[in-house]
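Reading the structure
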Amino acid sequence: MNFFIDTANLDQIKEAQDLGILDGVTTNPSLMAKEGIKGAKNITQHYVDICNIVDGDVSAEVIATDYEGMISEGEELAALHPQIVVKVPCTKNGIKAVKYLSTKGIRTNCTLIFSVGQALLAAKAGATYVSPFVGRLDDICTDGIVLIRQIADMFNYYAFDTQVLAASVRHTMHIIQCVEAGAHVATCPLSAIVGLLNHPLTDKGLEQFLADYNKLNG
Ligand code: G3P
């Protein structure tokens, strides 16, 4: 399974990249706003900066909601850097835009997916990724991981090339559940990625190894 980091924070992106396990980055307008990135010029520069840190795909989201606006913004974003994947919301205009962009050879990430039906339409339109939001479904008492499994099964059954990019992943257990459900990618906060390392038996074992070494060599 591939790991993307879900942030626009350059320090966190660098930290994940330095770990050697990072496969890409996802952003959205809220994550960009969190970093205080505003104005078209600064926003596009920020996407390029992210692409220059990581080796993999970088999702950049369109702001337009009309079809013409989505495709022109999508083409501009895609032209910024070969690593850019254009993120488009799963609306009627969004599906049309995904179809247009994929026909033009531009890779897309269809976002704000909350149902199997939405994922089906996005895949049929040629989306490179679909982004079902796990945590936001959990927030309303609906099991987000079940949706990941349903979409992964559907893509396997019909041999769609579209990848399931589990989004709104909040913690380490979500990551493990995404693995079990067959997600191709999980995009996670840095805390959840690094959190996978935590195990008291690792800490205890290392402490014991070092103590035994130091008894003879210390
Ligand atoms: O990947 C989508 C993500 O940024 C949304 O996460 O925690 O706001 O639901 P969250």
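One can find the structure itself at the top, above this paragraph.
What counts as what
- Residues numbered from 1 in each chain as written.
- Predicted model: local features only at pLDDT ≥ 70, side-chain atom pairs only at ≥ 80, totals over all residues.
- Heavy atoms only, no water.
- Near = heavy atom within 4 Å.
- Polar contact = N/O pair within 3.5 Å; in protein donor to acceptor, adjacent residues only side chain to side chain.
- Areas by Shrake-Rupley, 256 points an atom, 1.4 Å probe, with all protein chains shown as cover.
- Nonpolar A, V, L, I, M, F, W, Y, C, P; charged D, E, K, R; others polar.
- Pairing = 2+ DSSP bridges.
- Helix = DSSP H or I, 4+ residues; strand = E, 2+ residues; numbered from the N terminus.
- Axes fitted to C-alpha atoms, helices over the stretch in contact; angles between N-to-C directions.
- Contact = heavy atoms within 4.5 Å.
- Phe/Tyr/Trp six-rings, centres within 6.5 Å; stacked < 30°, edge-to-face > 60°.
- Buried < 20%, exposed > 50% of the residue type's maximum accessible area, 1.4 Å probe, protein only.
- Lys NZ or Arg CZ within 6 Å of the ring centre and 35° of its normal.
- Salt bridge = Lys/Arg side-chain N within 4 Å of Asp/Glu carboxyl O.

1. Here's the deal with the site of the ligand
Asp6, Asn28, Leu31, Phe133, Arg136, Ala167, Ser168, Arg170 and Thr187 make up every residue found near the ligand. A distance of 2.6 Å separates an oxygen atom of the ligand from a polar atom in the side chain of Asp6. Between Arg136 and the ligand, the recorded distance is 2.7 Å, taken from a side-chain N or O atom to an oxygen atom. In the complex, the protein chains occlude 81% of the 310 Å² of accessible area that the ligand would expose alone. By residue class, the composition of the shell around the ligand is 3 nonpolar, 3 polar and 3 charged.

2. A few points about the sheet that holds strand S7 (residues 163-166)
Spatially, 8 strands are ordered S1-S2-S3-S4-S5-S6-S7-S8 in a closed barrel, and the strand pairing comes out parallel. Across the sheet, the mean angle from the axis of one strand to that of its neighbour is 30°, orientation sign disregarded. Two strands pair when backbone bridges link them, and strand S1 (residues 2-6) and strand S2 (residues 24-26) are joined in this way by 3 bridges, in the parallel orientation. Across the sheet, residue Phe4 finds its bridge partner in S2, namely Gly24. Against the sheet, helix H8 (residues 144-157) engages strand S5 (108-113), strand S6 (129-132) and S7, with an angle of about 170° to S7.

3. A word on the environment of Thr128
Along the chain, Thr128 falls in the loop between helix H6 (116-124) and S6. Separated by 40 residues in sequence, Thr128 and Val88 place their C-alpha atoms 11 Å apart. Look past the residues within four positions of Thr128 in its chain and what remains in contact with it is Arg107, Thr108, Asp161, Thr162 and Gln163.

4. Focus on the packing of aromatic side chains
Here the structure, examined in full by the defined rule, presents 5 aromatic pairs. Relative to Phe160, the ring of Phe155 has its centre 5.6 Å away and its plane inclined at 70°; by these criteria the two rings are edge-to-face. The buried category is assigned to Phe155, whose relative accessible area is 1%. In this structure an aromatic cluster arises from ring pairing among Phe155, Tyr157, Tyr158 and Phe160. For the cation-ring pair, Lys96 lies above Tyr67, with the distance from its terminal atom to the ring centre recorded as 4.9 Å.

5. A closer look at the pattern of salt bridges
The tally for this structure, following the rule as stated, stands at 4 salt bridges. Close ionic contact of Lys87 with Glu61 constitutes a salt bridge, the shortest N to O distance being 3.9 Å. You can see Lys87 sitting in strand S4 (residues 84-89) and its partner Glu61 sitting in strand S3 (residues 57-61), a full 26 residues away along the chain. Residues Lys87 and Glu61 agree in their burial class; the two are buried. The residue Arg170 makes a salt bridge to Asp139 at a minimum N-O spacing of 3.0 Å. Separated by 31 residues along the polypeptide, Arg170 in the loop between S7 and helix H9 (172-181) and Asp139 in helix H7 (residues 134-139) bring together distant segments of the chain.

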